[in-house]
Amino acid sequence: MSCFGGRVSQDLYQNCCNANTICEFDGDMDNVKSEPIYVQKVFDAILINLQGMKTVQDQAFSPCIPAGHRVKRVIDIRCKRSFNPYNVDDPCNLKLDVNTSISGATFLQNGAGEHLTVVGADGNCSEKLIYAETDSCDEKCMGTPIFGTQNISITGNVIIELDLLLCDSCNNEHVFTVCANVNIADAAHPLVLTNFFEICMPSAVDTAFVPRFAELCNSACEARLATNNCGRDLAIGNDGCVHGNLIIAICVTTDTHCKLNFLKTSILFLFPFSLFWRYS
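Report on the accompanying structure. (Residues numbered from 1 in each chain as written. Predicted model: local features only at pLDDT ≥ 70, side-chain atom pairs only at ≥ 80, totals over all residues. Heavy atoms only, no water.)

## As for the environment of Pro 63
Okay, so step 1: Along the chain, the position of Pro 63 falls in the loop between β1 (34–61) and β2 (70–81).
Okay, so step 2: As a C-alpha pair, Pro 63 and Val 242 span 179 residues in sequence and 8.2 Å in three-dimensional space.
Okay, so step 3: Pro 63 has contacts with Phe 176, Thr 177 and Val 178, leaving out every residue within four places of it along the chain. (Helix = DSSP H or I, 4+ residues; strand = E, 2+ residues; numbered from the N terminus. Contact = heavy atoms within 4.5 Å.)

## Considering the packing of aromatic side chains
Okay, so step 1: Following the criterion strictly, the structure yields two aromatic pairs and no others.
Okay, so step 2: An aromatic cluster of at least three residues, connected via ring pairs, comprises Phe 107, Phe 197 and Phe 213.
Okay, so step 3: Above the ring of Phe 107, the side-chain terminus of Lys 128 is found at 4.6 Å from the ring centroid. (Phe/Tyr/Trp six-rings, centres within 6.5 Å; stacked < 30°, edge-to-face > 60°. Lys NZ or Arg CZ within 6 Å of the ring centre and 35° of its normal.)

## Quick word on unusual backbone geometry
Okay, so step 1: Residue Pro 63 follows Ser 62 across a cis peptide bond; omega there is 0°.
Okay, so step 2: Positive phi, close to 65°, is recorded for Asn 171, a residue that is not glycine.
Okay, so step 3: Among the secondary structure elements, Asn 171 is positioned in the loop between β7 (144–167) and β8 (173–185).
Okay, so step 4: For Asn 171, a relative accessible area of 56% puts it in the exposed group.
Okay, so step 5: Not every positive phi belongs to a glycine, and Asn 228 is a case in point at roughly 55°. (Buried < 20%, exposed > 50% of the residue type's maximum accessible area, 1.4 Å probe, protein only.)

## Structural notes on the side chain of Glu 215
Okay, so step 1: Counting through the fold element by element, Glu 215 comes out in strand β10 (residues 212–225).
Okay, so step 2: Buried charge without a salt bridge: Glu 215, with Lys 128 as the nearest opposite-charge side chain at an N-O distance of 5.5 Å.
Okay, so step 3: A polar side-chain atom of Glu 215 sits 2.9 Å from a polar atom in the side chain of Gln 150.
Okay, so step 4: Ignoring sequence-local partners within four residues, the contact set of Glu 215 consists of Val 98, Thr 100, Gln 150, Asp 255 and Thr 256. (Lys, Arg positive; Asp, Glu negative; His and termini not counted. Salt bridge = Lys/Arg side-chain N within 4 Å of Asp/Glu carboxyl O. Polar contact = N/O pair within 3.5 Å; in protein donor to acceptor, adjacent residues only side chain to side chain.)

Okay, structure coming up:
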C-alpha cells in the first residue's frame, strides 16, 4: 500500500508540481531494522554580509531601439548572475572563490601539504578538518576560540536588463527591453572582499571525529543608473544603440560554521510506520 497517492500536478496547465513520496509497508514489523544515523551538529556559526561595487561606463546594450523612437524613461533595471549550465568552467560564470586562513587552530594536511577535505552540505569536498589544543578549555567544558580571515575573490559576468519606455513620433508608448552581459572582474584581476571572524571550536575529547570547518557563500547583484538620471546616464547612437553608465553592487552572504560529527543508532523507520498505523 502506498502512503501517499494522487497526481503529481493538480492542474495540467500548472507550471509547478507536487513531488511523489513513495512509502510502502508490507505489515511485517520484522522488516523494521535499526540503522546507524550519521549526525552533523553545528556547534557555532556566524553569518556575514559583504558588498562590492563596480562602476561601468558607456556600456552598450542590445538590441538597438527602433528607428523613429526616443527613450522617455527607464521603467525597471534587473540584474542576475551569468551562468552557463553546459560549462561550469566558463570564465563568464559569476564565481566566488573563498580563501580562508585561521589562527588558534590548524587545517589538517596530508604528507604532500594538501588540506584534507570531506563532503559538505553542497555535495562536494568543501569542508576542512580542523585541529587545536583544547586542553585548557576541556576542563571548563567550553570551546576554544579561533580567529580567521576570509578573502572572497569575485570573477565573471552579470546580465543587466533595462525596461525602456519608448515613444514614437505619434506619442505612442510601448515598453522595450535591452540587455547587456557586463564583466565584473576577470581571473587576473578579481574583485576581492575581505572578512574577519571569530568562531568557537568544540572540544574533541568525547567525539568520534575531528571537528569540521565549513563555509557557504552565495551572491546576489543589484544595478542602478550611475546618477539615477536617464538623460545623463543613457546615450542613444545614430543607429539606435543604447549606451549607459551603471553602478553594480555585488552582495555576498557568507555562513561560516564549525561542525561536530558523530554516529547514533536508532530505529530509522519506526516513526513513520507508527504514523501509518495510527492514521490508517
